[in-house]
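# Survey of secondary and tertiary structure
Below are the chains, spelled out letter by letter.
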Amino acid sequence: MPEPAFSTQPATPAAVRPRSLSIATQPDGGRSIVVVRGELDLQAANELGAALRRALKSAAEGIDLDMRGVTFCDCSALNVLLAVREQALAESRTVTIQSPSPVTERLLALTGTLSLFTAETDDGIDHQLGVEVVQLRRAMQTRPTIDLARGVLMATFGLSPQDAWHVLVMVSQHTNTKLHRLAQDLVTAVQGEPLPDSVQRQVAAAVARLSESDGPGAQGDGEV
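Residues numbered from 1 in each chain as written. Predicted model: local features only at pLDDT ≥ 70, side-chain atom pairs only at ≥ 80, totals over all residues. Heavy atoms only, no water.

## So, the pattern of salt bridges
Following the criterion strictly, the structure yields six salt bridges and no others. Asp 66 is the salt-bridge partner of Arg 68, the closest N and O atoms lying 2.9 Å from each other. According to the relative accessible area criterion, Arg 68 is exposed, its value standing at 53%. Across the salt bridge formed by Asp 147 and Arg 150, the nearest N and O atoms sit 3.7 Å from each other. (Salt bridge = Lys/Arg side-chain N within 4 Å of Asp/Glu carboxyl O. Buried < 20%, exposed > 50% of the residue type's maximum accessible area, 1.4 Å probe, protein only.)

Pasting the structure below:
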């Protein structure tokens, strides 16, 4: 009888972590500067989106984000950034990230969207906009698969949404695999296709590292 793709044992409830988010906007000529501090997760996505849309509405040229104080950023926040950028492009404005934090820069690099939020000169801007639209659409298309993979890890190991995201990022880096490809492999594994041994080892190692940092009993036992 084949082994289940993941544990049928109920996930251990993850500890609720305190949420911290600060968003401040100030005008700068024809642009608005938006300073973001704290954690950008699913809970904060709506607040971030509303703040960015308000800033964009009052800025004739676009908005510049200062995200050096962002300590956590996942795909829900990235989806907001992409949607606001698409709106800005349609209105002949731009959205740039002037000061990304390490976690923000890593997310953008892993998803291939870093160049979308980098200021460009006038040379070749039409070509760049065409490339940006293609990259933006691709990033938004891969978001559901990444969310599904995060759900698999949460159900299998009893992880919180943030810890499941950290596992995805760590495994992506250690296996030199694009985030969306890793996510697809994890989702496929639930349907019966086994993960490569190297990926399974990296997933187990990443969960173990989280378990050590959170203390005993923080994660459930599971197999992907």
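From this point, the discussion proceeds with the structure in view.
## Notes on the nonpolar core
Ranked by internal contacts, the top residues of the largest apolar core, which has 56 residues, are Leu 40, Leu 52, Leu 65, Leu 153, Trp 165 and Leu 168. If you tally residues by element for this core, the top one is helix α2 (residues 75-90), at eight residues. (Core = buried A, V, L, I, M, F, W, Y, C linked by side-chain atoms within 4.5 Å. Helix = DSSP H or I, 4+ residues; strand = E, 2+ residues; numbered from the N terminus.)

## Description of the sheet that holds strand β3 (residues 62-73)
With respect to topology, four strands assemble into an open sheet ordered β1-β2-β3-β4, the strand pairing being mixed. Of all strands in the sheet, those bounded by a partner on one side alone are β1 (21-28) and β4 (94-100). Adjacent strand axes in the sheet meet at a mean angle of 20°, parallel and antiparallel pairs treated alike. Helix α3 (residues 102-110) contacts β3 and β4 of the sheet and is inclined by roughly 105° relative to β3. (Pairing = 2+ DSSP bridges. Axes fitted to C-alpha atoms, helices over the stretch in contact; angles between N-to-C directions. Contact = heavy atoms within 4.5 Å.)

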